[in-house]
Amino acid sequence: MEQPRLITDSFPRRRRRRPGRAPGTGKGKGKVKGTGCPRVTAAEEPPGSGPDRSVLEMLRSFDLAWEYGPCTGITRLQRWERAQALGLSPPDTVRDALLEHQDDPNIIYNLWHEYEL
């Protein structure tokens, strides 16, 4: 007499992962040496390598302030100039920071510049 087939018989058996191990970290799995990019923390950054943290925070708050109009699809300076032309009185410190760091993409573009419209 033949035993009935189960649906699980058609799939290969897999070993269960031991508790405490992350998936894919078995013997020799997923280990590629020398491909990781070292992270640079704020304490390790060389002086003068970029804008001050307070400037970035000020620009971030400018991006989040909807009183100066939408900011998608334009640069921060274009948004500042549009707000000025509409009489919305954007902060002059934002414009000064934008003109001071014209070559830095972290300063020029707003928080959402990488997202498609």
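Above this text sits the structure in question.
Basis of the calculations
Residues numbered from 1 in each chain as written. Predicted model: local features only at pLDDT ≥ 70, side-chain atom pairs only at ≥ 80, totals over all residues. Heavy atoms only, no water. Helix = DSSP H or I, 4+ residues; strand = E, 2+ residues; numbered from the N terminus. Buried < 20%, exposed > 50% of the residue type's maximum accessible area, 1.4 Å probe, protein only. Contact = heavy atoms within 4.5 Å. Phe/Tyr/Trp six-rings, centres within 6.5 Å; stacked < 30°, edge-to-face > 60°. Lys NZ or Arg CZ within 6 Å of the ring centre and 35° of its normal. Patch = residues over 30% accessible without salt bridge, like charges linked within 9 Å, V, L, I, M, F, W, Y side chains within 5 Å. Areas by Shrake-Rupley, 256 points an atom, 1.4 Å probe, with all protein chains shown as cover. Salt bridge = Lys/Arg side-chain N within 4 Å of Asp/Glu carboxyl O. Core = buried A, V, L, I, M, F, W, Y, C linked by side-chain atoms within 4.5 Å.

(A) Spotlight on the overall build of the protein. Looking only at helices and strands, one finds four helices and zero strands in the protein. Listed N to C, the secondary structure of the protein is α-α-α-α in terms of helices and strands. Taking all 117 residues of the protein together, 19% fall into the buried category. Sequence-distant contacts, at least 24 apart, represent 44% of the contacts inside the protein between residues at least 6 apart.

(B) Molecular detail of the packing of aromatic side chains. In the structure shown here, the tally under the stated rule is one aromatic pair. Between the NZ or CZ atom of Arg 79 and the centre of the ring of Phe 62, over which it lies, the distance is 4.7 Å.

(C) Quick look at unusual backbone geometry. Look at Ser 89: it is not a glycine, yet its phi comes out positive at around 55°. Mapped onto the elements of the fold, Ser 89 is located in the loop between helix H2 (76-85) and helix H3 (92-100).

(D) Summary view of a nonpolar patch on the surface. A cluster of nonpolar side chains, Leu 64, Leu 111, Trp 112 and Tyr 115, forms an exposed patch at the surface whose accessible area comes to about 400 Å². With respect to the element layout, Leu 64 can be found in helix H1 (residues 53-64). Given a relative accessible area of 38%, Leu 64 falls into the partly exposed group.

(E) Focus on the nonpolar core. Of all hydrophobic cores here, the largest spans 11 residues; its members are Val 55, Leu 59, Phe 62, Ala 65, Tyr 68, Trp 80, Ala 83, Val 94, Ala 97, Leu 98 and Ile 107. For this core, the secondary structure elements donating two or more residues are H1, H2 and H3.

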